[in-house]
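Structure at a glance
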Amino acid sequence: MSDTKLKRDNSQLFKWDGKPSMGQVLPLAAQHVLAAVVGCVTPAILVANAANNAGGNVDMGLLIQVSLVFAALSTLLQLYAQKIKLGSGLPVIIGVSFAYVPTMTAIAAQAKDVNTIFGAMIIGGVVAILVGLFIRQIRKVFPPLVIGTVILAIGLSLYSTAVNYMAGNSSNTYELIVEQQGKTAALVYGSWQNWLVAFITLGIVVLLNHYGKGLFKLASILIGLLCGYVVALCFGMVDFSALSSAGWFQVPMPLAFGLKFDISAILPLAILFLVNSIQAMGDFSATTTGGMDRLPTDDELNGGIIGYGISNIVGALFGCPPTATYSQNVGIVGSTRVVARKVFSVAAVILLVAGLIPKFSALLRTIPQCVLGGAVASVFASIAMTGIKLLVTEKLTYRNTTVAGLSIAIGMGVSLSDGCLDQMTQSIHSALNMSMSLESFQSIINNTFASSPVVLATIFAVILNLILPKDKPDAAA
């Protein structure tokens, strides 16, 4: 069946206001949920562990549940609140962002709690709202050249995450599972079982993307996840222990974790909210470019970023870590071109149910990391390719390749070079005679600028695009 016939048979899926059947919607919505759920759950686990390992007493289960609930509510806000300037009206999934994890874990470990994170989030949300209000002015410094560079950096920054998941996830929480299972060989990081299951999952996704027809092609990631899950079951890699301890119903309550305002937490998170507001422009642009063949309008960006700020302020009051647009789901939109709002609404409802019914969310968390890694690898690849497609819409002159190439080089280079900023931060700390300890200052700087290539790539792309002389109309490529 040709791609033209595929689109005709499922034409309602490719319209924002389309009315596809629930039979068409459910597998595609489930695909978005499964791609997003690890992002909703894992940051909460890492942050709670950071605080508790330092001597705190953070309720990890509650943090996970609130993360799922507000992922759903923030997504619905983006889908339906465009008319009141609190949403983008674009096909996106919102969830707890990995971009904040290094900074949050450093703050949680230092404070032995998470209340300073939520206090800083309120200030960060205000920063995001300001970016949204002045997006028309700010957008002038983010042409397709810069946005394409940011999207490419986002894709590249996710590759190590995909490979880490494929190998089994080397995080402390994963090692804890290994110990609980008596160091079962199938769960050891980097074992052949992990790689085999990951490549089986990835292979099924790739085959269906290229040879599948109808919904088999559109739901390739979901089918790959299910097949990988069955294979993982055969290897004894699925841990159901969380199901027995999970409750049946739980409603988030305000100020469950409290609020505390601390400048050492406010500064790095405010910077990250500023950068992630700009990154959201990249994600919105990748969504419309990949699924709608256009760039987002000023109103869509304005409402989307303001909604991002509002949802994070409200989320902070209930104890939800910072949320953002999910690049992996943006990648799904680009690869399937499914943009029907009904699909994303159903996905949000599933996430909401998962958050209110802990048993359900615990079941989603039984998916082995290697299965998730195999499923999202192709998604992350498509994000990077979307960035490249956007870059080549500009003439690849020497100036433009300098802006994109040098920005990516600096961002990737710093993020891959551990400790490269330490001596500089030590000199700044000494010159300013700061009351904050050197270790804390270095941690904040490294977590803000060196934990991901996206921040520095964005900064350098904007600066280089502003200061380098513009090409003449007849500049040779």
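Definitions and limits used
- Residues numbered from 1 in each chain as written.
- Predicted model: local features only at pLDDT ≥ 70, side-chain atom pairs only at ≥ 80, totals over all residues.
- Heavy atoms only, no water.
- Helix = DSSP H or I, 4+ residues; strand = E, 2+ residues; numbered from the N terminus.
- Buried < 20%, exposed > 50% of the residue type's maximum accessible area, 1.4 Å probe, protein only.
- Phe/Tyr/Trp six-rings, centres within 6.5 Å; stacked < 30°, edge-to-face > 60°.
- pLDDT = per-residue confidence, 0-100.
- Contact = heavy atoms within 4.5 Å.
- Expected span 1.5 Å × (residues − 1).
- Salt bridge = Lys/Arg side-chain N within 4 Å of Asp/Glu carboxyl O.
- Axes fitted to C-alpha atoms, helices over the stretch in contact; angles between N-to-C directions.
- Parallel < 35°, antiparallel > 145°, perpendicular 65-115°, else oblique.
- Left-handed = near helix turned anticlockwise from the far one by under 90°.
- Nonpolar A, V, L, I, M, F, W, Y, C, P; charged D, E, K, R; others polar.
- Core = buried A, V, L, I, M, F, W, Y, C linked by side-chain atoms within 4.5 Å.

1. Details of the environment of isoleucine 410
Here isoleucine 410 is to be found in helix H19 (residues 398–415). Under the relative-accessibility criterion, isoleucine 410 is labelled partly exposed at 29%.

2. What to know about the packing of aromatic side chains
Counting across every chain of the model gives five aromatic pairs. Ring centres 5.3 Å apart and planes at 40° place the aromatic pair phenylalanine 70 and phenylalanine 318 in the tilted group. Placement of phenylalanine 70 in helix H3 (residues 60–80) and of phenylalanine 318 in helix H14 (residues 298–318) is noted, with a sequence separation of 248 residues between them. On the basis of relative accessibility, which here comes to 8%, the residue phenylalanine 70 falls in the buried class.

3. Description of the confidence of the model for the chain
A low pLDDT score tells you not to read the predicted coordinates there in detail. Mean pLDDT over the chain: 82, with 90% of residues reaching 70 or higher. In this model residues 1–8 is a low-confidence stretch, pLDDT under 50, and it forms nine contacts with partners more than four residues away in sequence or in other chains. Low confidence marks residues 172–185, where pLDDT is under 50. Its contacts with residues over four positions away, or in another chain, come to 20 contacts.

4. Concerning helix H5 (residues 115–133)
A rise of 1.5 Å per residue sets the reference length of H5, with its 19 residues, at 27 Å; its end C-alpha atoms lie 28 Å apart and thus fit the reference within 8%. Most of H5 sits out of view: 14 of its 19 residues are buried.

5. Notes on the pattern of salt bridges
The full count for this structure, using the stated rule, is two salt bridges. One salt bridge connects lysine 85 with aspartate 299, and the closest N-O pair in it is separated by 3.4 Å. Taken together, the residues span a long stretch of sequence, with lysine 85 in the loop between H3 and strand E1 (94–96) and aspartate 299 in helix H14 at a distance of 214 residues. For aspartate 299, a relative accessible area of 34% corresponds to the partly exposed category. We note a salt bridge from glutamate 300 to arginine 294, for which the minimum N-O separation is 2.9 Å. Relative accessible area serves as the criterion here: at 7%, glutamate 300 is assigned to the buried category.

6. Some thoughts on the packing of helix H7 (residues 144–167) against helix H22 (residues 453–467)
Relative orientation of the contacting elements H7 and H22 amounts to 165°, with a least axis distance of 9 Å. Between H7 and H22, the angle is such that the two are roughly antiparallel. With respect to the hand of their crossing, H7 and H22 are arranged in right-handed fashion. Between H7 and H22, the contacting residues are Leu145, Val146, Thr149, Val150, Ala153, Ile154 and Ser157 on the first element and Pro453, Val454, Ala457, Thr458, Ala461, Val462 and Asn465 on the second. Residues belonging to the contact of H7 with H22 are distributed by class as follows: ten nonpolar, four polar and no charged.

7. Describing the nonpolar core
Core analysis: the largest hydrophobic core is formed by 127 residues, its most contacted members being Ile117, Phe118, Met281 and Val343. For this core, the element with the highest residue contribution is helix H2 (residues 22–53), accounting for 16 residues. Sequence-distant contacts of valine 343, that is, excluding residues within four places in its chain, are made with Leu13, Val25, Leu28, Ala29, His32 and Val338. Counting residues in hydrophobic clusters, the runner-up holds six residues, among them Leu421, Phe441, Ile445 and Ala450.

8. Considerations on the packing of H19 against H22
In the contact formed by H19 and H22, the axes pass within 8 Å of each other and the chain directions differ by 150°. Relative to H22, the element H19 lies roughly antiparallel. Our pair here, H19 against H22, has a crossing hand that is right-handed. Taking contact as the criterion, the partners of Arg399, Thr402, Val403, Leu406, Ser407, Ile410, Gly411, Met412, Val414 and Ser415 in H19 are, on H22, Pro453, Leu456, Ala457, Phe460, Ala461, Leu464 and Asn465. A breakdown of the residues in the contact of H19 with H22 according to their chemical character gives eleven nonpolar, five polar and one charged.

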